[in-house]
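# Observations on the three-dimensional arrangement
Take a look at the letters that make up each chain.
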Amino acid sequence: MNSDYKKYIYLNKQLWNAWSTNHTNSDFYDVEGFKKGAHSLTDIEISELGEEVNGRTMLHLQCHFGLDTLSWERLGDIPTGVDFSENSIHTAWKLNMHSQFILSDIYDLKSRLEKRFDVVFTSYGMLFWLPELKSWAEIIYHFLKPGATFYMVEFHPFLDILVDELKETPNGYFGSNEPVRYHLTGTYAAPDADITADEYRWKHPVGDIISSLTRAGLQIRFFHEFNYCAYPVYPGMIRISNGKYVIRDFTDKFPYMFSIMAVKP
Ligand SMILES: C[S@@+](CC[C@H](N)C(=O)[O-])C[C@H]1O[C@@H](n2cnc3c(N)ncnc32)[C@H](O)[C@@H]1O
């Protein structure tokens, strides 16, 4: 990985360490509800990846402080969560039931973890933190057992255009090696948090995402697009029904999220 990427990854890691504490106490993540027995997964990943999961081993990449990881455990999986934020992984360790949590940049994971998994899972708000997808896809391939499944559900890169269009200077759809810098106050889960910071994001068009997976050797089983967002993560979103949000009245017009299932032959 080039040294510029390392610099931005380091800066993003500091950001996530600051955000993490606020997220743990936020209504958005509702840790108290989780402790009482709720789970944090949406109907999308549960229905697409499957509910009947008894004993399936799962690698959860970019697991944040582990609520989704532990939710999969609640549904019967045997998960291992990975994240590069010390504060997030420390919270995950404290919340922990039986899942394993590993503190690591996902790009360094091959040197930290030997196991192979029945499923590699990753979700909502993770791709734009990654500077390049070739190594990402190879890491996914590496950690899958033969015949095992990769599943991801993510905000659609098109959504960035829509949000950009609402600003004076749109950044467009296609990315480059250079990250886009966003200057933010608060966070998506704790908008009133007293944190002002820069975040560095990379744009990854859909073609690059799919091609990185197929080039790594995975076979795509499906690619789905959704006309709503599962979380109100962008300013000005309105709720149209339970777990469904859109920008203004833009229902049925734009792709807000997508999911991919792929298999290692
Ligand atoms: C929006 S969160 C993902 C949330 C996830 N859907 C969940 O389970 O709550 C993005 C996560 O990616 C992590 N992250 C970003 N870049 C990373 C990297 N290079 N290696 C490991 N974790 C990374 C951040 O620390 C953060 O927890």
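Look a little higher up for the structure.
A short tour of the structure in this document, coming up.

Glancing now at the overall build of the protein. Secondary structure summary: the protein contains 8 helices and 11 strands in total. A globule of 265 residues ought to have a C-alpha radius of gyration of about 18 Å, and the protein, at 18 Å, matches this closely. Looking at the protein as a whole, 57% of its 265 residues are labelled buried. Here the contacts in the protein between residues at least 6 apart in sequence split such that 71% fall between residues at least 24 apart. Accessible surface, the protein as shown: approximately 12300 Å² in total, 49% of it carbon and sulfur. The protein carries 25 positive and 34 negative side-chain charges, and their two centres are separated by 4 Å.

A few words on the pattern of salt bridges. When charged atoms on two side chains of opposite charge get close, those side chains can pair. By the definition in use, this model includes 7 salt bridges. The residue E32 makes a salt bridge to K35 at a minimum N-O spacing of 3.7 Å. Taken together, the residues E32 and K35, both in helix α2 (residues 31-35) and 3 residues apart, mark about one turn of the helix. Ionic pairing is found between E138 and K134, a salt bridge with its closest N-O pair at 3.0 Å.

This part covers the packing of helix α1 (residues 3-24) against helix α5 (residues 86-95). Put simply, α1 and α5 touch, their axes get as near as 7 Å, and they point 35° apart. Contacts between α1 and α5 involve K13, N17, S20, T21 and T24 from the first element and E86, N87, S88 and T91 from the second. Each residue belonging to the contact of α1 with α5 can be placed in one class, and the counts come to no nonpolar, 7 polar and 2 charged.

A separate point is the pairing of strand β4 (residues 117-123). Burial within β4 is extensive, with 6 of its 7 residues counted as buried. With 3 bridges joining them, strand β1 (residues 57-61) and β4 adopt parallel strand pairing. Paired with L59 across the bridge in β4 is V120. Taking the sense of rotation as the criterion, the β-α-β connection linking β4, helix α6 (residues 133-143) and strand β5 (residues 144-155) turns out right-handed.

Okay, the site of the ligand next. Taken together, 18 residues are adjacent to the ligand, and H64, D83, D105, I106 and S123 come closest. Taking F84, its main chain carries an N or O atom lying 3.2 Å from a nitrogen atom of the ligand. Between the ligand and the protein, one listed contact pairs a nitrogen atom with a backbone N or O atom of S123 at 3.0 Å. Looking at the shell around the ligand residue by residue, the classes come out as 8 nonpolar, 7 polar and 3 charged.

Moving on: the packing of α6 against helix α8 (residues 206-216). Between two packed helices, the angle of one axis relative to the other and the distance separating the axes together describe the packing. The contact between α6 and α8 brings their axes to 8 Å, and the two run at 45°. It follows that α6 is oblique to α8 by the angle criterion. As for how α6 packs across α8, the hand of that crossing is right-handed. Here L133, W136, A137, E138, I140 and Y141 of α6 lie close against α8, whose contacting residues are D208, I209, S212, L213 and A216. In terms of residue class, the contact of α6 with α8 is built from 8 nonpolar, 1 polar and 2 charged.

A few words on the side chain of H64. Looking at the element boundaries, H64 is found in the loop between β1 and α4 (67-74). Separated by 3.4 Å, the side chains of H64 and S88 make a polar contact. Contact partners of H64, with chain neighbours within four places excluded, come to W16, S20, H23, Y29, D83, S88, I89 and Y188.

Okay, the environment of H142 next. For H142, the position within the fold is in helix α6. On the basis of relative accessibility, which here comes to 23%, the residue H142 falls in the partly exposed class. Setting aside residues no more than four positions away along its own chain, H142 makes contact with K110, R116 and K264.

The rules behind each value
- Residues numbered from 1 in each chain as written.
- Predicted model: local features only at pLDDT ≥ 70, side-chain atom pairs only at ≥ 80, totals over all residues.
- Heavy atoms only, no water.
- Helix = DSSP H or I, 4+ residues; strand = E, 2+ residues; numbered from the N terminus.
- Rg over C-alpha atoms; globule rule 2.2 N^0.38 Å.
- Buried < 20%, exposed > 50% of the residue type's maximum accessible area, 1.4 Å probe, protein only.
- Contact = heavy atoms within 4.5 Å.
- Areas by Shrake-Rupley, 256 points an atom, 1.4 Å probe, with all protein chains shown as cover.
- Lys, Arg positive; Asp, Glu negative; His and termini not counted.
- Charge placed at Lys NZ, Arg CZ, Asp CG, Glu CD.
- Salt bridge = Lys/Arg side-chain N within 4 Å of Asp/Glu carboxyl O.
- Axes fitted to C-alpha atoms, helices over the stretch in contact; angles between N-to-C directions.
- Nonpolar A, V, L, I, M, F, W, Y, C, P; charged D, E, K, R; others polar.
- Pairing = 2+ DSSP bridges.
- Right-handed = clockwise from strand over helix to strand, strands pointing away.
- Near = heavy atom within 4 Å.
- Polar contact = N/O pair within 3.5 Å; in protein donor to acceptor, adjacent residues only side chain to side chain.
- Parallel < 35°, antiparallel > 145°, perpendicular 65-115°, else oblique.
- Left-handed = near helix turned anticlockwise from the far one by under 90°.

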